[in-house]
Amino acid sequence: MAETENSSPEIFVPEEWSNAAEAITNNSNSSNPPSVFVCGPKNSGKTTFSRHLLNVLLRRYSKVAYLDTDVGQTEFTPPGLLSLIVVDKVTPDLTIPCLKTPDRCFFFGDISSKRNPTAYLTCIFSLYDHYRKQHCMKSTIDSHDSAGLPLVINTPGWVKGIGYEILVDMLKYISPTHVVKICISSEIKNLPAGAFWLDEGNTNRVTVIEINSARRDHLKRSLLVQKDSRLLRDLRVMAYFRQCFPSEMNISTIKELAHALAAHPPYEISISSVKMKHVHCEVPKTETFYCLNATIVGLAVSSGVSDELPHCVGLGIVRGIDTFKGLLYVITPVPQQTLENVDLLLQGFISIPTCLLQVHLFP
Ligand SMILES: Nc1ncnc2c1ncn2[C@@H]1O[C@H](COP(=O)(O)OP(=O)(O)OP(=O)(O)O)[C@@H](O)[C@H]1O
C-alpha cells in the first residue's frame, strides 16, 4: 500500500500507520472487538494516530468508544476532564478536533496527573469499568452492537518516572488486546521494547505494534512538531463556552466571544442547593466564595453511592456570587434540564483563558 496524504492535506499517514490501523480493524475477532492502547513520548503523534484509527474502525463498526486519558490535551472535551466518548461519525479533517458530549465524564481539574496520580487512575479505571459494563459485556449492550464496541485509548506523553508507572498501571488494569507504541528517533525517550508491563511468559494475550513517528528528515531523525499546548487548551475552553450561543450567531473573534459571554444571562444557582469542593486542595470555609468567583468549575452530580465518583456534566464560569440572596451566577452551555441535577461544584486548576479576561469579561 502506498503512503498517503490523508483527506486533510497537512496530515501524513505513513504506510506503517495505515497498515497498523487496517490490521487492528480487519484481524479483530468480531465477537471480541479490539481495545487499543496508543502510547509513546510527547508529540510523537499519539493523538493523530488515534484519530486515524478511529476513522478506520468506523468503516467496520457503527460506533467506537474512545477513552481520553490525556487530560491536558483532551480530544473531544475541554481540558481537565477525563472521559469516555462514543463516536459514531468519521472525522473528515484530522487536524481539527471537535467537541462531543461524553458518555461518562469526570472532572479531574488539572492538566497533568502529576499532582494526584491516585485520583487520576481512579477516574481512568472507573471510565474503563463503565466501558466494560455498558459497551462491552454482551448482557448490557443494545442489539445493534451485539459484539460490543471497539475501544481506543489515547494516553499522555509522560512516559518516564512516575508517568511510566502510571502508564504501566493503566495497561495492567485495562489489559488491552493491542498496544500501539509510537517510537521516535531519540531512543532514550521511547518506551521499552515489547510488552514491557507484563511478566515474561504472560505476553501471548496482547499484540504489540511498534510504529515510528510520521515525519523523519533525511538522516531519519524524527521531525516533531512542538505544539503550543497552553494556546490549544485555551482554544478548547473557548470553543466549549462558544456553545452557549447558537452556531449562526456571529462570533468569530476572541473579543466577540468575551463580550457575548459578559452579556449572556447567567443561570442562577441557589448556594444552598449545591456543595462546593476543590478537588486538589483544602480551601478554608471563609475563603470558599473568594476562591470560587470568576473561576471555571466542573458541574457535577453526586452519585449517591459513597465510593462512586460524581459524574461531571460540563463546565461553568462562576460569573458572580450574591451571598445576601444566596445565589451563584453561572455561565454554561449545559442545558437547564441537565443543570437541575447538578448538586456539586468542583474546582480545580483549570482557569479562564487570559485572552478572554484581557478584553474585560470581568471589569
Ligand atoms: N502524521 C502526521 N502528519 C502531520 N502532522 C503530524 C502527524 N503526526 C503528528 N503530527 C503533528 O505533530 C504534533 C503532535 O502530534 P500529536 O498531537 O498527534 O502528538 P501526541 O503524541 O498526541 O502529543 P502529546 O504527547 O502532547 O499528547 C501535532 O501538531 C500534529 O499535527
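Throughout, residues of each chain are indexed from 1 in the direction in which the sequence is written. Local features in this predicted model are restricted to residues whose pLDDT is 70 or higher, and side-chain atom pairs enter the listing and the counts only when it is 80 or higher, whereas totals over whole chains, interfaces and linings include all residues. Side-chain numbers come from the whole structure's heavy atoms, not from hydrogens or water.

Our focus in this paragraph is the packing of helix α3 (residues 117–136) against helix α4 (residues 162–174). Two elements in contact, α3 and α4, have axes separated by 11 Å at closest approach and are oriented at 25°. With respect to their mutual orientation, α3 and α4 come out roughly parallel. The way α3 lies across α4 gives a crossing that is right-handed. In this structure, α3 contributes Pro-117, Tyr-120, Leu-121, Ile-124, Phe-125, Tyr-128 and Asp-129 to the contact, and α4 contributes Ile-162, Ile-166, Asp-169, Met-170, Tyr-173 and Ile-174. Here the residues of the contact of α3 with α4 are counted per class, giving eleven nonpolar, no polar and two charged. Fitting a line to C-alpha atoms yields each axis, with helices limited to the stretch in contact; the angle taken between N-to-C directions then spans 0 to 180 degrees. Put simply, DSSP marks the helices as runs of H or I at least four residues long and the strands as runs of E at least two long, and each gets a number from the N terminus on. The scheme is simple: roughly parallel for angles under 35 degrees, roughly antiparallel for over 145, roughly perpendicular for 65 to 115, oblique for anything else. A clockwise turn of the near helix away from the far one marks a right-handed crossing, whereas an anticlockwise turn of less than a right angle marks a left-handed crossing. In this analysis, two residues are considered to be in contact whenever any of their non-hydrogen atoms come within 4.5 Å of each other. Three classes are used: nonpolar for Ala, Val, Leu, Ile, Met, Phe, Trp, Tyr, Cys and Pro, charged for Asp, Glu, Lys and Arg, and polar for all others, with Gly counted as polar.

We now examine the side chain of Thr-295. Of note, Thr-295 is situated in the loop between α7 (288–292) and β12 (296–301). When a residue's accessible area, from a 1.4 Å probe over protein chains only, is under 20% of the maximum for its type it is buried; when over 50% it is exposed; and in between it is partly exposed. Classification of Thr-295 as buried rests on a relative accessible area of 16%. With sequence-adjacent residues up to four places away left out, Thr-295 is seen in contact with Gly-316, Ile-317, Val-318, Gln-347 and Ile-352.

Note on aromatic contacts: the rings of Phe and Tyr and the six-membered ring of Trp form a pair at centre separations within 6.5 Å, being stacked when their planes are under 30 degrees apart, edge-to-face when over 60 apart, and tilted otherwise. Applying the stated criterion across every chain, the model contains nine aromatic pairs. Between Phe-108 and Tyr-120 the ring centres are 5.7 Å apart and the planes differ by 75°, which places this aromatic pair in the edge-to-face class. Linking Phe-108 in the loop between β6 (104–107) and α3 with Tyr-120 in helix α3, this pair joins segments that are twelve residues apart in sequence. Assessed through its relative accessible area of 2%, Phe-108 is described here as buried. Exposure remark for Tyr-120: the relative accessible area of 1% places this residue in the buried category. When the ring of Phe-196 is compared with that of Trp-197, the centres are 5.2 Å apart and the planes differ by 75°; the resulting orientation is edge-to-face. A connected cluster of aromatic rings, assembled from ring pairs, spans Phe-125, Tyr-128, Tyr-131 and Tyr-173.

A separate point is the sheet that holds strand β4 (residues 64–68). Here seven strands make up an open sheet; going across it, the order is β6-β5-β4-β7-β3-β8-β9 and the pairing mixed. Strands at the two margins of the open sheet, each flanked by one partner only, are β6 and β9 (207–212). Each strand of the sheet is rotated relative to its neighbour by a mean of 15°, with strand direction disregarded. Taken together, the four bridges between strand β5 (residues 81–87) and β6 define a ladder with antiparallel strand orientation. Following the sheet pairing, Leu-84 is matched in β6 by Arg-104. Being paired, for any two strands, means DSSP has found at least two bridges between them.

One open sheet holds the six strands; their spatial order is β10-β14-β13-β12-β15-β11, and the pairing between them is mixed. If you trace the sheet from one side to the other, it starts and ends with β10 (267–270) and β11 (275–278), each paired once. Here the strands of the sheet are splayed against their neighbours by 40° on average, with no regard to which way each runs. Bridging between β10 and strand β14 (residues 327–331) involves four bridges; their strand directions are antiparallel. Opposite Ile-269, over in β14, you have Leu-328 as the bridge partner.

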